[in-house]
Amino acid sequence: MFALQLPKMSRQVLGEDIQVLGEVLHDGVNLAVWQRRLPAQIEDFAETLLAQGEPLAQSMTLELPHADSEPNLDGLLAQYADLPGQAAFLADVAWLVRAFACLLDAERIGLRLRALDKAMCPRFHVDHVPLRLITSYAGVGSDWLEEGAMPRSGLGQPGAEPQNEALIQRLDAGHVALAKGEKWHGNEGRGLIHRSPQPPAGQRRLLLTLDWLA
């Protein structure tokens, strides 16, 4: 007699303590969210930066000889050096890079910082990466779904997406999310289902993502 193999269910872990981020390393967890509150200085800088109304899309590959190495962020937001809080903002980004690298013992991290006035990925999807850090410094946060909220076979199909708003979870500005993708070993077919939401009319969001490259 053969035992019935039930499909594995993924779960998500959220908390106000930074230690919650380590939960993403466990099997069966495809999202860990640190529900942090941004310091006022960083929050104000992000809002002021967006208020400039200028396009922003910066990316860099960070090489880290050691997981706790100080990342070289030279050139990141250099044009906003005169805005109050720029140094504190960059220090926070560097801290997130080090935390991400230490968690994974990473040697190379891909960083992207963007100001968005529209949904970058408006359909629910999964990422084909091992692990991605996602955080909005200002504006709306990313949407995500618990397992079962929509069939994975319907990803990319508008008609398969949940119509009940209660099924759609949303991160707040400041929250730090670690989302497993399809390339995390053992997480195949269980990448976090998420999307980039459409900001309200006249508003933008400041989005930082970090990818584990090596």
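Structure shown above.
Note that the structure is predicted; figures quoted are calculated from it, not measured.

Reading the values: the criteria
- Residues numbered from 1 in each chain as written.
- Predicted model: local features only at pLDDT ≥ 70, side-chain atom pairs only at ≥ 80, totals over all residues.
- Heavy atoms only, no water.
- Phe/Tyr/Trp six-rings, centres within 6.5 Å; stacked < 30°, edge-to-face > 60°.
- Helix = DSSP H or I, 4+ residues; strand = E, 2+ residues; numbered from the N terminus.
- Buried < 20%, exposed > 50% of the residue type's maximum accessible area, 1.4 Å probe, protein only.
- Expected span 1.5 Å × (residues − 1).
- Arc of directions from axis to C-beta.
- Contact = heavy atoms within 4.5 Å.
- Pairing = 2+ DSSP bridges.

### A word on the packing of aromatic side chains
Remark: the centre distance and the inter-plane angle together describe each pair of aromatic rings, the angle taken between the planes.
Phase 1 of the analysis: What the rule picks out here adds up to four aromatic pairs.
Phase 2 of the analysis: Seen from their ring centres, W184 and W212 are 6.0 Å apart, and the 55° between their planes marks the pair as tilted. Placement of W184 in the loop between strand 8 (176-180) and strand 9 (194-195) and of W212 in strand 10 (residues 205-212) is noted, with a sequence separation of 28 residues between them.
Phase 3 of the analysis: Residue classification places W212 among the partly exposed positions, given a relative accessible area of 26%.
Phase 4 of the analysis: In this structure an aromatic cluster arises from ring pairing among F45, F89 and Y137.

### Details of helix 1 (residues 40-51)
Phase 1 of the analysis: Taking 1.5 Å as the rise per residue, helix 1 with twelve residues should run 16 Å; its terminal C-alpha atoms sit 16 Å apart, in good agreement.
Phase 2 of the analysis: If you check which residues of helix 1 are buried, you get I42, F45, A46, L49 and L50. Angularly, the buried residues of helix 1 cover 130° about the axis, an arc narrow enough to put them on a single face.
Phase 3 of the analysis: Where helix 1 is buried, its residues touch helix 2 (86-104), strand 4 (108-116), strand 5 (131-138) and strand 10.

### Details of the sheet that holds strand 9
Phase 1 of the analysis: Read across the open sheet, the three strands follow the order 7-6-9; overall the sheet is antiparallel. Pairing within the sheet leaves two strands with one partner each, and these edge strands are strand 7 (168-170) and strand 9.
Phase 2 of the analysis: In terms of strand pairing, strand 6 (residues 143-145) meets strand 9 through two bridges, oriented antiparallel. Bridged to W144 within strand 9 is H194.

### Examining unusual backbone geometry
Phase 1 of the analysis: Backbone geometry places L77, a non-glycine residue, at a positive phi of 55°.
Phase 2 of the analysis: Looking at the element boundaries, L77 is found in the loop between strand 3 (57-63) and helix 2.
Phase 3 of the analysis: With phi around 55°, D105 is a residue other than glycine that occupies positive phi space.
Phase 4 of the analysis: Assignment of secondary structure puts D105 in the loop between helix 2 and strand 4.
Phase 5 of the analysis: When its relative accessible area of 59% is taken as the criterion, D105 is described as exposed.

In short, the description is geometric, and any link to function would need to be established separately.
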